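Fold and geometry: a report
Here is how the chains run, residue by residue.
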Amino acid sequence: MSIWTVRCVCQKFCRQAHILANRRVLPSTKRIPAVINGISRPAHNSLYQMVKKRTLEARTKLQANKYPNNQACMKMPKTVEFVSDVDEDTQPPTLPTGQTQLGNVTASVTNQDPQFRVGFVDSKSYSTAKDVLKSSQCDKVCPQPLDPCKPAPKDPCEEFHKLRRESEITGGAQGGGCDGDSEDEQQKRLKLKCLLGALAALLAGGFVAWMMTRKKECEVDGDSPDDARKRAQLSGMITSPPSSEQLPKHVPYLIIGGGTAAFSAFRAIKSNDARAKVLMISNEYRKPYMRPPLSKELWYTPNANEDPIKDYRFKQWTGSERSLYFEPDEFFIEPEKLADSGNGGIAVAQGFSVKKVDAQNRIVTLNDGYQISYEECLIATGCAPKNLNMLRDAPPSVREKIMVYRTPEDFDRLRRYAMQKRSITIVGNGFIGSELACSLAHYSKENEGGKVYQVFQEKGNMSKVLPHYLSDWTTRRMEKQGVCVIPDASIKSALRDESQVKLELSNGMTLLSDIVVVCVGCTPNTNIAGTSQLEVDRTLGGFVVNAELEARRNLYVAGDASCFYDPLLGRRRVEHHDHSVVSGRLAGENMTGAKKPYEHQSMFWSDLGPEIGYEGIGLVDASLPTVGVFALSKDDAKRSDSHTDSKPADKSSEAPKQTTVVEGELQCNPSDEPNYGKGVVFYLKNDKIVGILLWNLFNRIGLARTIINQNKNYEDLNEVAKLFEIHA
Ligand SMILES: Cc1cc2nc3c(=O)[nH]c(=O)nc-3n(C[C@H](O)[C@H](O)[C@H](O)COP(=O)(O)OP(=O)(O)OC[C@H]3O[C@@H](n4cnc5c(N)ncnc54)[C@H](O)[C@@H]3O)c2cc1C
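Everything quoted here is computed from the prediction, not taken from an experiment. (Residues numbered from 1 in each chain as written. Predicted model: local features only at pLDDT ≥ 70, side-chain atom pairs only at ≥ 80, totals over all residues. Heavy atoms only, no water.)

**Looking at the overall build of the protein**
Here is the rule: Counting from the N terminus, the helices are the DSSP runs of H or I reaching at least four residues and the strands are the DSSP runs of E reaching at least two. Note on contacts: a residue pair is in contact if any heavy atoms of the two residues lie within 4.5 Å. A 1.4 Å probe and the Shrake-Rupley method give the accessible areas. Residues count as covered only by the protein chains that appear here.
Summing up its helical and strand segments, the protein has 22 helices and 30 strands in all. Of all intrachain contacts in the protein linking residues separated by at least 6 positions in sequence, the fraction that spans at least 24 positions is 71%. Total accessible area on the protein is roughly 31400 Å²; 52% of this is exposed by carbon and sulfur atoms.

Pasting the structure below:
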């Protein structure tokens, strides 16, 4: 095995990768014990541990088990000029800008795949996504049985149309009954009456048919009122307590928001003030729960077809089971009983919204005007998913096919579509969009479900986080997992079919989908800032707080909604689970008088299916220069060695050329999977390491944290990389 180093020096999108070295790793005896010892996780991280007990062993086992790769689609072309005389069999995998891989198959595929149609309403000679899929290497590299580009075995759209036609015919027949045997003289008047009657009956029949199809839509889009009530009762989705009047008038500790940061703060308060009485006010109708499994583990849990509404149990990657909820219902006390509780505890007011905080007088006002005074208050309102303006402003018929993704309700809704084998389009290439696309593709594969498309403007998945070569590689891996990735494309328009939404993309493709999930980031929930006279950061968003997470005296902000001052890395806002745990804990400690600054570097993680997992810490930002060091498999090492060996004298001056060659190989040969299978990427600012990404490397985040905290220049990053034992 060899170490493979890639340095990205361009500020924007890291266009250049330089191989710096191709040397043997130091033997594992060359560890630096002091640093290695720093790996152990601090105790506060128990919330993080609950979600994510990931060991390399567990992941490796998982990789070997029942989730085999699906087959690759192909690289999408940048433009969609129609080229009718392309020979599919001789198509190169990638084409220069301005050309396209679209083949001469447009008309022939139209009827085969209802998800991709040419000229949907108005029959233009579109080059559709199907054409792209068809014309790519997919036809060459995908074995037939697993080919994700072929039509689904059963076409839900066709079924829908059939049902609809039948109901219309039935309605029409019922409208008859005027074939009377009346006398000739009366025929004219009777005929007229009859015609009018038939027309009325037809209209009634049509109305019945419409109602019937509406009902079918409802069955897809939502529960019947009875079911909805039942599910609401099961999950406690009713305001609790029934009225704000039942909430205490005064509490020592008040937390606005009922998410991860809020719950972490409660834990810290309780461990510093054993009898603390804490009231959490959440506008969700649930007790505190974690979000990460919503886009990952829940979709891989074998019992995913069972109704998870009660406690959303899921299997962690390690195989152990747990619920989405941090604690069961019994852990909490009722808000009405909080004031009289001798030992204190935590109460959650569910379904109530705070509209104002009066920091001067320490009073919080709810939406209905009810006021609660506090001694210490934390704002942990998180963030809300963004939508695209064009979709938000679309007609209601389109909007009902568009959703964002953040809550268990969103999971339920999307799962209903997935279970019904519908085609799903994810918009966006960030963490949640990419995770969800992988999870849905997996779910679809396991259940012979519908197609999963991922559309985004950028060139590759996670391009804001990963250096471009890694983003490219990841995109190909996503395709292998069964996601039909459509990069370099934005949505130009969205129209509604009987059952689907038709997306016209900027690259000329037309995509038909049963549901569109918009995953384009989120906006911090700072609505109360204006009424509460709190400062919001103009650039980063979020409530501005100092290093102690204080917005005002006795008023703190933590989690996604806080824009805090990191003494090491400057002003930041972070939208990750561990940050919400770390900042929530710090705020909780400070609410009990600790007055500590934010010093602990939080980490994040993401999983793109069971085979790709990564963790990051510090400023993991693709616009920074990066150096990546990856373990190569035997074959790749040989290839790289031979390349270097052929030009030993030119090693440094030829670095960019080597890069080009390596990148070329990667782009042209999707089977070069091991290239970026495992490694570490350093993100640099003023030649200092400010961020570290651990790519399929686990249990090393403590070491990464130590290195960032050292805040110094390293002569040779290969030496630093060796500490991570990427071959271990
Ligand atoms: C699907 C998904 C997957 C994710 N996966 C990962 C992952 O793998 N790794 C990772 O590091 N991070 C992940 N994250 C991000 C992580 O979950 C968030 O960073 C974290 O939940 C933020 O916690 P929070 O407490 O700040 O906000 P939230 O969890 O959003 O909680 C805020 C709460 O406050 C409520 N609220 C808002 N305004 C008011 C108001 N005025 N009055 C009362 N209540 C209010 C909200 O309804 C919400 O319940 C994921 C997020 C999502 C959505």
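**Some points on the state of the cysteines**
Linking two cysteines covalently via their sulfur atoms produces the bond known as a disulfide. Basically, it comes down to this: Disulfides are defined as cysteine sulfur pairs within 2.5 Å. Residue burial is assigned from relative accessible area. The probe radius is 1.4 Å, only protein chains are included, and a residue is buried under 20% of its type maximum, exposed over 50%, and partly exposed in between.
Applying the stated criterion across every chain, the model contains one disulfide. The disulfide partner of Cys383 is Cys522, and the S-S distance across this bridge is 1.9 Å. Judged by the sign of its S-S torsion, about -55 degrees, the bond between Cys383 and Cys522 is left-handed. Remark: Cys522 occurs in strand 20 (residues 522–524) and Cys383 occurs in strand 11 (residues 383–385); sequence separation between them is 139 residues. For Cys522, a relative accessible area of 11% translates into the label buried. Between Cys563, a cysteine without a disulfide, and Cys383, which holds the nearest cysteine sulfur, the sulfur-to-sulfur distance is 13 Å. On the basis of relative accessible area, Cys563 is assigned to the buried category, the value being 0%.

**Some words on the site of the ligand**
We apply this condition: If a single non-hydrogen atom of a residue is within 4 Å of a molecule or strand, that residue counts as near it. Definition of a polar contact: a pair of N or O atoms within 3.5 Å, with one able to donate and the other able to accept a hydrogen when the atoms are protein atoms, and with sequence-neighbouring residues admitted only if both atoms are side-chain atoms.
Inspection of the region around the ligand gives 34 residues, with Asn283, Glu284, Lys296, Arg406 and Asp560 positioned closest. Arg291 places a polar side-chain atom, nitrogen or oxygen, 3.0 Å from an oxygen atom of the ligand. Separating a nitrogen atom of the ligand from a backbone N or O atom of Val354 is a distance of 3.0 Å. Taken by itself the ligand offers 990 Å² of open surface, and the protein chains cover 94% of this. Of all the elements in the fold, those that place two or more residues in the shell around the ligand are helix 10 (260–272), strand 4 (277–282), helix 15 (431–446), helix 18 (577–591) and strand 26 (603–608).

**Quick word on the packing of aromatic side chains**
Note the threshold: Ring pairs are drawn from Phe, Tyr and Trp, using the six-membered ring of Trp, whenever the two centres fall within 6.5 Å, and their geometry is named by plane angle: stacked under 30 degrees, edge-to-face over 60, tilted for the rest.
This model, assessed by the stated rule, comprises 20 aromatic pairs. A ring pair is formed by Tyr289 and Tyr325, whose centres lie 6.3 Å apart and whose planes are at 75 degrees; its orientation type is edge-to-face. Of this pair, Tyr289 sits in the loop between strand 4 and helix 11 (297–300) while Tyr325 sits in the loop between strand 6 (321–323) and strand 7 (345–350), placing them 36 residues apart in sequence. Classification of Tyr325 as buried rests on a relative accessible area of 13%. Relative to Phe332, the ring of Phe331 has its centre 5.3 Å away and its plane inclined at 75 degrees; by these criteria the two rings are edge-to-face. For Phe331, a relative accessible area of 33% translates into the label partly exposed.

**Quick look at the packing of helix 14 (residues 408–419) against helix 15**
How we decide: A fitted line through C-alpha atoms represents every axis, and for helices the fit uses only the stretch in contact; the resulting angles, taken between N-to-C directions, go from 0 to 180 degrees. A crossing counts as left-handed when the near helix is turned anticlockwise from the far one by less than a right angle, and as right-handed when that turn is clockwise. For this classification, Asp, Glu, Lys and Arg are treated as charged, while Ala, Val, Leu, Ile, Met, Phe, Trp, Tyr, Cys and Pro are nonpolar and the rest, including Gly, are polar.
Close contact between helix 14 and helix 15 brings their axes to 10 Å; oriented N to C, the two are set at 35 degrees. Considering how the two elements wind past one another, helix 14 and helix 15 form a crossing that is right-handed. In this structure, helix 14 contributes Leu414, Arg415, Ala418 and Met419 to the contact, and helix 15 contributes Leu436, Leu440 and Tyr443. Each residue belonging to the contact of helix 14 with helix 15 can be placed in one class, and the counts come to six nonpolar, no polar and one charged.

**So, the sheet that holds strand 16 (residues 491–496)**
Operational definition: In short, DSSP must find at least two bridges between two strands for them to pair.
If you trace the three strands from one edge of the open sheet to the other, you get 16-17-18, paired in antiparallel fashion. Lying at the two open borders of the sheet, with one neighbouring strand each, are strand 16 and strand 18 (510–513). Across this sheet, the average inter-strand angle for adjacent strands is 20 degrees, counted without regard to direction. Taken together, the five bridges between strand 16 and strand 17 (residues 501–505) define a ladder with antiparallel strand orientation.

**Observations regarding helix 15**
Stated formally: In this analysis, the expected span of each helix is defined as 1.5 Å times one less than the number of residues it contains.
With 16 residues, helix 15 extends 23 Å from end C-alpha to end C-alpha; this agrees with the ideal 22 Å at 1.5 Å per step. Across the 16 residues of helix 15, 12 count as buried, placing the element largely inside the fold. Considered for burial, the residues of helix 15 that qualify are Gly433, Ser434, Glu435, Leu436, Ala437, Cys438, Ser439, Leu440, Ala441, His442, Tyr443 and Ser444. Following helix 15 by one or two positions, Glu448 has its phi on the positive side, about 50 degrees.

**Notes on the environment of Ile726**
One can find Ile726 in the segment after helix 22 (717–723). In this structure the C-alpha to C-alpha distance between Ile726 and Leu694, which are 32 residues apart in sequence, comes to 9.3 Å.

**Observations concerning the sheet that holds strand 25 (residues 570–572)**
With respect to topology, three strands assemble into an open sheet ordered 21-24-25, the strand pairing being mixed. Only two strands of the sheet have a single partner each, and these edge strands are strand 21 (543–544) and strand 25. Here three bridges tie strand 24 (residues 562–566) to strand 25, and the two strands are oriented antiparallel to one another. When the bridges of strand 25 are listed, Phe564 appears paired with Arg572.

**Comments concerning the nonpolar core**
Under the convention used in this document: In this text, buried Ala, Val, Leu, Ile, Met, Phe, Trp, Tyr and Cys residues form a nonpolar core when linked through side-chain atoms within 4.5 Å.
With 109 residues, the main nonpolar core has Trp299, Tyr405, Leu414, Leu693 and Trp695 as its most contacted residues. In contact with Leu693, other than residues within four places in its own chain, are Leu466, Leu470, Phe604, Tyr614, Glu615, Gly616, Val620, Gly679, Val680, Val681 and Tyr683. Counting 24 residues, the second largest nonpolar core, distinct from the first, contains Ile617, Val629, Ala631 and Leu697.

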